[in-house]
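Fold and contact review
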Amino acid sequence: MNVLTAENLTKSYGEKVLFTDISFGIEAGEKIGIIGVNGTGKSTLLKILAGVEWPEQGKVTTGNSVRLEYLPQNPEFEETATVLQQVFKGNSPVMQLLREYETALEKLNDDPEQPRLQQTLIALGQRMDDLDAWQLENEAKAILSKLGISKFDTLVGTLSGGQRKRVALASALINPTDILTLDEPTNHIDNDTVDWLEQYLNKRKGALVMITHDRYFLDRVVGRVLELDQGKLYPYPGNYSRFLELKVEREEQDEATERKRQNLFRNELAWMRRGARARTTKQKARIDRFEKLAADKPSDYADRIEMQAGASRLGKKILECTHVQKGFADRGVVIRDFSYILLRNDRIGIIGPNGSGKSTLLNLIAGRLTPDGGCIELGSTVKIGYFAQENTYLNPGLRVIDEIKAVAEVIPTAEGGFLTASQMLERFLFPPAAQWTQIGKLSGGEKRRLYLLRILMGAPNVLLLDEPTNDLDIQTLTILEGYLDEFPGAVLAVSHDRYFLDRVTDKIFCFEGEGAIRSYVGNYSDYKEQVYAAEQEAAQTLNLASLAKAYRATGAQSVEAEPEKKKERPLKMTFKEQQDYAQIEAQIAQVEEELQKNNHHMNDMGSDFGKLTELVGIQQVLEKNLDDLLERWTYLNELAEKIAQNKP
C-alpha cells in the first residue's frame with residue numbers, strides 16, 4: 001500500500017536549482033536510503049516530505065491517517081526541559097500525557113509533602129493506565145540507555161551537541177509513526193550504538209526514509225536507494241551493494257549515449273562550418289537540431305572528485321607518546337599511561353564510547369591540550385593537518401576561493417607538479433561559479449568538504465581526522481579513502497563509520513574505560529573478530545572452572561562416602577559418575593588444547609605486558625582445571641577397575 005506520493009517536485013535556492021520535476025512513492029514498511037553529493041538537496045527533499053519546507057512546484061500526498069516523524073540534522077530543543085520531557089515532545093494525547101506526568105513527578109520530587117501534587121500524580125497515573133502509556137515510557141528509557149543517556153532528569157540545556165542529537169533520535173524512534181524520516185541518524189553515536197540502531201530499524205515495521213553516509217548501514221537496512229544527481233532522481237531497487245552495480249550499468253549507458261551524441265554533434269558542426277544557409281525549412285530544422293545537441297551537453301561535474309596525495313617531507317622521528325596521562329574534573333582519568341611510537345605509514349583507527357577520550361587524544365597530539373603526566377614529542381619535520389569535528393576555522397563571511405587561497409595558492413602533487421587553489425576547488429565539486437559563493441551560504445556537507453580541502457591544501461604529513469565521515473557524502477568519502485591509500489604520511493582517525501575503518505585502517509586503538517587504551521592489529525572487522533574470540537575464550541574458561549569445581553565437589557563426596565557405602569550397596573557407579581566417566585577424557589583433551597592455544601598466545605604477545613599478565617592468569621586457571629580433571633579421571637578409573645574385578 002502506498003503511504004506517500006511525491007509528484008513533480010522542483011526546488012531551488014536563488015540561482016541554484018536543487019532538483020527539477022522529480023516523482024516517487026513510498027510503500028508501507030519500505031526502507032529507503034537517499035544518497036547524493038553534498039549540496040544536491042537531500043536534506044531539503046526530506047524537509048519537503050516532512051512538510052517543513054514547500055516545493056516551488058509539485059506536491060506531496062499522504063493518507064489522512066498516515067503519521068510521519070522527522071529527525072533533522074540540527075533538531076530544535078527546549079533548553080529548560082528534562083531529557084524525558086524532550087523525548088515526549090510529540091502532540092499526540094499519549095505524548096502530552098507523558099510530558100504532564102514527567103513534569104508532575106519532577107515537582108513532587110522537589111516538594112514530596114505536597115498533597116495536591118500527590119493527587120495530581122495519582123490521577124495522571126490512572127490516565128497512563130487507561131492509555132497504556134507505561135510501556136512507551138519504559139521503551140523511551142530503554143532506547144535512551146542504549147544511546148548512552150542514563151540520567152533522564154538532566155536538563156537538555158546542559159547536554160553536549162552529540163548528547164542532544166541522541167535525545168532527538170530517541171524521541172523520533174519511540175513515536176508511533178507510519179513513516180520515519182531520519183537525516184544522518186548515525187552522526188555522533190559510537191560503533192556499538194550504530195550496531196544496535198541497525199538492528200532496531202531492521203525490526204521496525206513502519207516505512208523508513210533516511211539520509212546516511214554509513215555504507216554498511218545502507219547495505220544492511222535499506223531495500224531501495226534514491227540517488228539525487230545534478231537535479232535528477234534515480235531509483236535503484238536493492239541495498240547499497242546492488243545500487244553500486246546498477247549505477248555502473250547506468251553510467252555505462254549514459255557514456256554510450258554521450259558518445260553517440262558527440263559523433264552526431266561533430267557531423268552537424270562540420271555541416272555548420274561549411275556555411276549552412278537557413279533559407280529552407282530543412283536547413284533551418286538542421287540548425288535547430290545542432291543548437292539542441294550543443295545545449296544537451298552534460299554538465300561537467302569536475303568528472304568526479306580527485307585528490308592527489310601531496311605532502312611535506314617527513315623525517316625519521318614522527319611522534320612519540322611516553323606514559324601519557326590526562327583527566328578532567330567531571331570525567332576522571334580518560335587516558336592512563338599511554339605509550340606509542342608513531343610510524344611513517346601508520347593507519348590507525350580510534351574507537352570507543354562517546355566521552356571516553358578519543359578526541360582528547362587527538363587534541364593532545366595536536367598540542368591543543370597539555371598532558372597531566374608523561375610527554376608527547378614531535379619530530380622537527382612533522383606538519384599536522386587536523387580535521388576537527390567542528391568547522392570552527394571557516395569564516396562564513398569569506399568567499400570559497402578566498403578561504404582556500406588564504407592557506408595556499410598552489411599545492412604540490414605526488415608526481416612533482418602543482419595544482420592551483422581554483423583547480424583543487426573544481427576537483428572538490430566547486431565549479432568556478434560556486435567558488436565566489438560566501439561560505440555562510442553553503443550547505444553543512446559543502447562546508448565539511450571545503451574544510452577538508454582547507455586541511456589538505458596545507459600539505460600535511462600527519463593527518464588527524466576526528467569523525468571525518470560526519471556530513472560528508474559517500475562520493476567524497478570514497479575518494480578520501482583513495483587519497484589516504486596514497487598519502488605519504490601517518491593517519492590517525494577517530495570514527496564510528498565501520499566501512500571507513502575497514503577500508504582505511506590497519507591498526508585499532510580501543511578506549512576500554514578508566515583511561516585504558518588497547519591496541520589491536522588489523523582493521524575494524526579484524527578487531528571485532530579478536531574481541532569475539534577473546535570473549536568466547538573467557539566464557540569457555542569460566543565454564544571449565546565451574547565444571548572443575550563441580551568435579552572436585554562430586555569427587556570428594558564420592559571418595560569420602562565410598563568406605564561407608566561399600567557395606568550398604570553393591571559396588572557400582574552412580575548415574576553422575578557414569579556420565580563423567582564417558583565424557584572426562586574428551587574434557588581433558590579439550591583443556592589440554594586450550595592450554596596449547598594459550599601458550600601460543602603468550603609467545604605472540606611480545607612486549608604487551610598487560611595482555612601477557614592476563615594470559616598468565618588464564619594459564620593458571622587452565623592448569624588447575626586440568627589437575628582437577630586428572631584427579632577425577634584417576635578416581636573413576638580405579639572405581640571402574642574395582643567394579644570389573646567384583647563382577648561374577
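Here the structure is shown first, and the text comes after it.
Now for a look at the structure at hand. (Residues numbered from 1 in each chain as written. Predicted model: local features only at pLDDT ≥ 70, side-chain atom pairs only at ≥ 80, totals over all residues. Heavy atoms only, no water.)

With that settled, consider helix H6 (residues 161-174). With 14 residues, H6 extends 21 Å between its outermost C-alpha atoms, agreeing within 8% with the 20 Å of an ideal straight helix rising 1.5 Å per residue. When you tally the buried positions in H6, you get twelve out of 14 residues, the bulk of the element. Every buried residue of H6 is listed here: Gly162, Arg164, Lys165, Arg166, Val167, Ala168, Leu169, Ala170, Ser171, Ala172, Leu173 and Ile174. Tucked inside the fold, the buried residues of H6 contact strand S5 (68-71), helix H2 (83-87), helix H3 (93-110), helix H5 (134-146), strand S6 (179-183) and helix H7 (191-203). (Helix = DSSP H or I, 4+ residues; strand = E, 2+ residues; numbered from the N terminus. Expected span 1.5 Å × (residues − 1). Buried < 20%, exposed > 50% of the residue type's maximum accessible area, 1.4 Å probe, protein only. Contact = heavy atoms within 4.5 Å.)

A few words now on the sheet that holds strand S8 (residues 224-229). The six strands are arranged S5-S6-S7-S3-S8-S9 in an open sheet whose pairing can be described as mixed. Two strands lie at the open edges of the sheet, namely S5 and strand S9 (232-237), each paired on one side alone. Strand-to-strand twist across the sheet, computed as the mean angle between neighbouring axes with direction ignored, equals 15°. (Pairing = 2+ DSSP bridges. Axes fitted to C-alpha atoms, helices over the stretch in contact; angles between N-to-C directions.)

On to empty space enclosed by the protein, then. Per the counting criterion, the structure on display carries two cavities of 30 Å³ or more. Its volume calculated, the largest cavity comes out at about 50 Å³. Taken together, Ile35, Gly36, Asn38, Lys42, Glu184, Ile211, Thr212, His213, Leu472, Asp473 and Ile474 make up the full set of residues lining the largest cavity. If you add up the space inside the second largest cavity, you get close to 30 Å³. Around the second largest cavity sit Leu319, Cys321, Phe338, Tyr340, Leu342, Ile365, Leu492 and Phe509, which together line it. Looking at the lining of the second largest cavity, the elements that each hand over two or more residues are strand S10 (319-328) and strand S11 (332-342). Of the residues that constitute the lining of the second largest cavity, the class distribution is eight nonpolar, no polar and no charged. (1 Å grid on protein atoms, 1.4 Å probe; cavity = no way out; pocket = protein on both sides within 12 Å on 5 of 7 lines; lining within 4 Å. Points joined across faces, edges and corners; volume = space filled by probe spheres on them. Nonpolar A, V, L, I, M, F, W, Y, C, P; charged D, E, K, R; others polar.)

Residue placement: Asp497 occurs in the loop between strand S18 (490-494) and helix H16 (498-504). Arg215 provides the closest opposite charge to the buried, salt-bridge-free Asp497, at an N-O distance of 4.2 Å. Among the polar contacts listed, one links the side chain of Asp497 to the backbone nitrogen of Phe500, at a separation of 3.0 Å. If we ignore the near neighbours within four places in the chain, the residues touching Asp497 are Asn191, His213, Asp214, Arg215, Thr469 and Leu477. (Lys, Arg positive; Asp, Glu negative; His and termini not counted. Salt bridge = Lys/Arg side-chain N within 4 Å of Asp/Glu carboxyl O. Polar contact = N/O pair within 3.5 Å; in protein donor to acceptor, adjacent residues only side chain to side chain.)

Let us now look at H5. The terminal C-alpha atoms of H5 lie 18 Å apart, and with 13 residues this matches the ideal 18 Å at 1.5 Å per residue to within 8%. Of all the residues in H5, the buried ones are Leu136, Glu137, Ala140, Ile143 and Leu144. Projected down its long axis, H5 carries its buried residues within an arc of 130°, all on one side. Turned more than 90 degrees away from the buried face of H5, the exposed residues are Gln135 and Asn138. Tucked into the core, H5 has its buried residues touching H2, H3, helix H4 (115-130), H6 and H7. (Arc of directions from axis to C-beta.)

Scanning the model with the defined rule gives eleven aromatic pairs in all. When the centroid spacing of 5.6 Å and the interplanar angle of 75° are considered together, the rings of Phe338 and Phe509 count as edge-to-face. Here the residue Phe338 occupies a position in strand S11, and Phe509 occupies one in strand S19 (residues 507-511), the gap between them amounting to 171 residues. Each member of the pair, Phe338 as well as Phe509, is classed as buried. The structure contains a cluster of three or more aromatic residues connected by ring pairs, namely Tyr236, Tyr240 and Phe243. Arg220 extends its terminal NZ or CZ atom over the ring of Tyr216, reaching a point 4.6 Å from the ring centre. Above the ring of Tyr234, the side-chain terminus of Arg250 is found at 3.7 Å from the ring centroid. (Phe/Tyr/Trp six-rings, centres within 6.5 Å; stacked < 30°, edge-to-face > 60°. Lys NZ or Arg CZ within 6 Å of the ring centre and 35° of its normal.)

This brings us to the environment of Met457. On the secondary structure map, Met457 appears in helix H14 (residues 444-457). Sequence separation of Met457 and Thr420 is 37 residues, and the distance between their C-alpha atoms is 9.6 Å. Residue contacts for Met457: discarding those within four places in its chain leaves Ile404, Val407, Ala408, Val410, Ile411, Ala421 and Met424.

The next point concerns the pairing of strand S12 (residues 347-351). Across the five residues of S12, five count as buried, placing the element largely inside the fold. On S12, burial covers both faces: Arg347, Gly349 and Ile351 on one face and Ile348 and Ile350 on the other are all buried. Bridge count between S12 and S19: four bridges; the pairing is parallel. What sits directly across from Ile350, in S19, is Phe509.

The next thing to look at is the environment of Phe24. Its location among the elements puts Phe24 in strand S2 (residues 16-27). Put simply, Phe24 and Leu226 are 202 residues apart on the chain and 9.2 Å apart in space, counted from C-alpha to C-alpha. Other than its neighbours up to four places away in sequence, Phe24 contacts Leu4, Thr5, Ala6, Leu45, Leu49, Leu226 and Leu233.

What follows is about the sheet that holds S12. On the basis of which strands lie adjacent, the open sheet formed by six strands has the order S14-S17-S18-S12-S19-S20 and mixed pairing. Two strands in the sheet have a free side with no partner beyond their single neighbour: strand S14 (384-387) and strand S20 (517-521). Across this sheet, the average inter-strand angle for adjacent strands is 15°, counted without regard to direction. Across five bridges, S19 lies against S20 in antiparallel orientation. Each bridged residue has a counterpart across the sheet, and for Lys507 the counterpart in S20 is Val521.

Attention shifts here to unusual backbone geometry. Located in the positive-phi region is Asn8, a residue other than glycine, with phi close to 50°. Along the chain, the position of Asn8 falls in strand S1 (residues 2-13). A positive phi is found at Glu514, a non-glycine position, where the angle reads about 55°. Along the chain, Glu514 turns up in the loop between S19 and S20.

Our next topic: the pairing of strand S17 (residues 462-466). For S17, the buried fraction is high: five of the five residues fall into the buried class. With burial as the criterion, each face of S17 is covered, one bearing Val462, Leu464 and Asp466 and the other bearing Leu463 and Leu465. The pairing of S17 with S18 spans five bridges and is parallel. Considered in S18, the bridge of Val462 is made with Ala490.

With that out of the way, let us pick up the pattern of salt bridges. For the structure shown, the criterion picks out 28 salt bridges. For Glu512, the salt bridge is made with Arg518, and the minimal N-O distance between the two is 3.6 Å. Take Glu512: its relative accessible area is 40%, and that puts it in the partly exposed class. A relative accessible area of 28% means that Arg518 is categorised as partly exposed.

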